[in-house]
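# Topology and contacts: notes
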Amino acid sequence: MDRITELAAVIDRHVGGTGICTTAMPHLSLIRADQPSTPTPAVYEASLCLIAQGSKRVSIGDHSVVYDAAHYLLVSVDLPLVGHVIDASPDRPYLCCKIDLDPAILADLIVTEGGVAHRTDLPVLGVHPIDADLIGAACRLVGLLDRPETIRTLAPLIEREILYRLLTGPHGPMLRHVATAGSHLNQISRAIAAIRRRFDTPIRIDEVAAEAGMSTSSLHAHFKAITRLTPLEYQKQLRLQEARRLMLAGGATASAAGFAVGYESQSQFSREYRRLFGAPPRLDIDRLHAAPAAGMAL
């Protein structure tokens, strides 16, 4: 059994039904789909996505990439993406593991290894051929789910190895740049974190810029260049996606969900929701309940 087949078997064993499944490891999620999904916008955390079976397309603006069992996806900063599964069936479901990047571990590895983070033209969204060391480490990490008593001790060690493999891989220069204090990517990463912490309250661009250590003009320019959105547009996506989650998983009404994420006008909430998801809130949620895979973004 090769390592990709082994990874698929472990994911299939531990994911219940279709959709996204959290695990006993906070940085690890498992995803399964039994059919192709419709394009769905979502904010992807900085993460590594490894497909064990099937394939997926993700896009940011006019930039689109496809990844599969032979290629991994690396998202260097939290990004608003549109994703959809393009190859999946009940007999051969889409199976994927998502490993969130821990910035503290990345920073520690960079300090330990030494070296300078040079400027790079690599995109913050990258697809690269899988390598044996990386897939082997991922198999060992996901395999800990078969031995939960080992997770507390071994998971941090394997996660550290995975991040080391990424730092020394083709996308390493980008990760170093993101983790280096003072770089524009590091500053925008801090700005994104600030917006995500208080997405449901009115945003003050000058406060976000101050937290990022940038001027407001520099924040706007670099934020748009990296995320393809302005800070306010980014916040709007966060609000609408959280409202969708509240209605889908929590059973909230459209008016309650809109109010919970910071909207004061129900008509504005409904209008912006429809623009992002292609249908008004109630119709969209009914559609997702009828076909859960339609709204799966990871």
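Structure: above.
This text gives an overview of the structure that appears in the document. All figures in this text were calculated on a predicted structure; none of them were measured in a lab.

### Details of empty space enclosed by the protein
Inspection of the entire model under this criterion finds 2 cavities of 30 Å³ or more. In this structure, the largest cavity is lined by Ala194, Ile195, Arg198, Phe199, Ile203, Arg204, Val208 and Gln235. Looking at the lining of the largest cavity, its residues break down into 5 nonpolar, 1 polar and 2 charged. What lines the second largest cavity is simply Ile99, Asp100, Asp102, Ile105, Glu159, Ile162 and Leu163. For the lining of the second largest cavity, the secondary-structure elements that each account for two or more residues are strand 9 (94-100) and helix 4 (151-167). Residue contributions to the lining of the second largest cavity peak at 3 residues, all from helix 4.

### Observations concerning the sheet that holds strand 6 (residues 63-68)
In a beta sheet, neighbouring strands are held together by backbone hydrogen bonds and run either parallel or antiparallel to one another. Spatial ordering of the open sheet is given by 3-8-5-6, a layout of 4 strands whose pairing is antiparallel. Only two strands of the sheet have a single partner each, and these edge strands are strand 3 (40-44) and strand 6. Averaged over all pairs of adjacent strands, the angle between strand axes in this sheet comes to 35°, irrespective of strand direction. Taken together, the 5 bridges between strand 5 (residues 55-60) and strand 8 (residues 79-87) define a ladder with antiparallel strand orientation. Its bridge partner being in strand 8, Ser59 is matched across the sheet by Val82.

### Thoughts on the pattern of salt bridges
By the definition in use, this model includes 22 salt bridges. For the salt bridge of Arg196 with Glu45, the shortest nitrogen-to-oxygen distance reads 3.8 Å. With Arg196 in helix 6 (residues 184-197) and Glu45 in the loop between strand 3 and strand 4 (47-53), this pair connects stretches of sequence that are 151 residues apart. Overall, Arg196 belongs to the partly exposed group, its relative accessible area being 26%. With relative accessibility at 29%, the residue Glu45 sits in the partly exposed group. For Arg198, the salt bridge identified is with Glu211, shortest N-O distance 2.8 Å. Of this pair, Arg198 sits in the loop between helix 6 and helix 7 (205-212) while Glu211 is found in helix 7, placing the two residues 13 residues apart along the sequence.

### A word on the packing of aromatic side chains
If you walk through the whole model with that rule in mind, you get 4 aromatic pairs. Through successive ring pairs, a cluster of aromatic residues spans Tyr263, Phe269, Tyr273 and Phe277. Taking the ring centre of Tyr263 as reference, the NZ or CZ of Arg239 above it sits at 5.8 Å.

### Focus on the packing of helix 3 (residues 132-143) against helix 4
One can describe the packing of helix 3 onto helix 4 by two numbers: an axis separation of 9 Å at closest approach and a directional angle of 160°. Accordingly, the angle class assigned to the pair helix 3 and helix 4 is roughly antiparallel. You can see that helix 3 and helix 4 cross each other, and the crossing is left-handed. From helix 3, Asp133, Leu134, Ala137, Ala138, Arg140 and Leu141 reach across to helix 4, where they touch Ala155, Ile158, Glu159, Glu161, Ile162, Arg165 and Leu166. Of the residues in the contact of helix 3 with helix 4, the class split is 8 nonpolar, no polar and 5 charged.

### Digging into the sheet that holds strand 2 (residues 28-33)
Overall, antiparallel pairing links the 6 strands, which are arranged 1-2-9-4-7-10 in an open sheet. Because the sheet does not close on itself, it has two edges, and the strands there are strand 1 (19-22) and strand 10 (125-129). Each strand axis lies, on average, 25° off the axis of its neighbour in the sheet, ignoring direction. Inspection of the sheet shows strand 4 paired to strand 7 (residues 71-75) by 3 bridges, in the antiparallel sense.

### Quick notes on the pairing of strand 7
The buried count for strand 7 comes to 4 of 5 residues, which makes it a mostly enclosed element. When strand 7 meets strand 10, the two strands line up antiparallel, connected through 5 bridges. Each bridged residue has a counterpart across the sheet, and for Leu73 the counterpart in strand 10 is Val127.

### Some remarks on the side chain of Ser59
Turning to its location among the elements, Ser59 is positioned in strand 5. Only 3.2 Å separates the side chain of Ser59 from the side chain of Ser64, close enough to count as a polar contact. Residues in contact with Ser59, not counting those within four places in the same chain, are Ser64, Pro80, Leu81 and Val82.

Quick notes on the rules
Residues numbered from 1 in each chain as written. Predicted model: local features only at pLDDT ≥ 70, side-chain atom pairs only at ≥ 80, totals over all residues. Heavy atoms only, no water. 1 Å grid on protein atoms, 1.4 Å probe; cavity = no way out; pocket = protein on both sides within 12 Å on 5 of 7 lines; lining within 4 Å. Points joined across faces, edges and corners; volume = space filled by probe spheres on them. Nonpolar A, V, L, I, M, F, W, Y, C, P; charged D, E, K, R; others polar. Helix = DSSP H or I, 4+ residues; strand = E, 2+ residues; numbered from the N terminus. Pairing = 2+ DSSP bridges. Axes fitted to C-alpha atoms, helices over the stretch in contact; angles between N-to-C directions. Salt bridge = Lys/Arg side-chain N within 4 Å of Asp/Glu carboxyl O. Buried < 20%, exposed > 50% of the residue type's maximum accessible area, 1.4 Å probe, protein only. Phe/Tyr/Trp six-rings, centres within 6.5 Å; stacked < 30°, edge-to-face > 60°. Lys NZ or Arg CZ within 6 Å of the ring centre and 35° of its normal. Parallel < 35°, antiparallel > 145°, perpendicular 65-115°, else oblique. Left-handed = near helix turned anticlockwise from the far one by under 90°. Contact = heavy atoms within 4.5 Å. Polar contact = N/O pair within 3.5 Å; in protein donor to acceptor, adjacent residues only side chain to side chain.

Nothing here speaks to function; it is all geometry.
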